[in-house]
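# Overview (structure and organization)
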Amino acid sequence: MVTYTVRSTRAEDWRAYRDLRLEALGDPVAPIAFFEPLAEAMELPQVDWENRAASHEQKATFVGVLPDGRWAGMVVIFASEQGYAQIVGVYLAPEHRGTGLGEKLMRAAIDWAGGQEVRLHVHENNKRAARFYERLGFRPTGASKPDPRQPTLRAFELALRHRPEEARHPLRPV
């Protein structure tokens, strides 16, 4: 059994963050998992990667780290201006899918939200991810947005809603 350490990232993690993000965008499932094109991400300067890697009170990236220091997966969550937390950029390296790492990363992100509603989008053709999110308690909101590459396809919004008594505290720094 693989042991993962889940932690938030810092600006100085930018190289590992960049490498894992580029791996994600190059993955065969990327067209139904991410809207960012690999070619565009490859052109980003170091400062952009540092900003993406930096966790702070409005955004956190959680990574699953192997005992040898390699990153096996990640999830990004941020505070939206609409009062909920938004999850984006969920990725697990293929050899770490189905190991429990995805749930650990999602739990870290959900905990970061501190009881606030958490939303995410899942592509209509990404059935595996949709089943995973539904097992965690996410439910369709009825909202969707078009896939920018194929506007006839949709990404459906899912939400994990908490009852008021479950809200522990507002979004907090990591």
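Data block above holds the structure.
Residues numbered from 1 in each chain as written. Predicted model: local features only at pLDDT ≥ 70, side-chain atom pairs only at ≥ 80, totals over all residues. Heavy atoms only, no water.

So, on to the environment of Q46. Looking at where Q46 falls in the secondary structure, it is placed in helix α4 (residues 46–53). For the pair formed by Q46 and W14, sequence separation is 32 residues and the distance between their alpha carbons is 7.6 Å. At 2.6 Å, the side chain of Q46 and the side chain of E50 are in polar contact. (Helix = DSSP H or I, 4+ residues; strand = E, 2+ residues; numbered from the N terminus. Polar contact = N/O pair within 3.5 Å; in protein donor to acceptor, adjacent residues only side chain to side chain.)

If you walk through the whole model with that rule in mind, you get three aromatic pairs. When the centroid spacing of 6.0 Å and the interplanar angle of 55° are considered together, the rings of Y17 and W49 count as tilted. Linking Y17 in helix α1 (residues 14–26) with W49 in helix α4, this pair joins segments that are 32 residues apart in sequence. Residue Y17 shares its accessibility class with W49, and that shared class is buried. With a centroid separation of 5.5 Å and an interplanar angle of 55°, the aromatic rings of F132 and Y133 are classed as tilted. By relative accessible area, F132 is classed as buried at 19%. Classification of Y133 by relative accessible area gives buried; the value is 7%. One aromatic cluster in this structure is built from F132, Y133 and F138. (Phe/Tyr/Trp six-rings, centres within 6.5 Å; stacked < 30°, edge-to-face > 60°. Buried < 20%, exposed > 50% of the residue type's maximum accessible area, 1.4 Å probe, protein only.)

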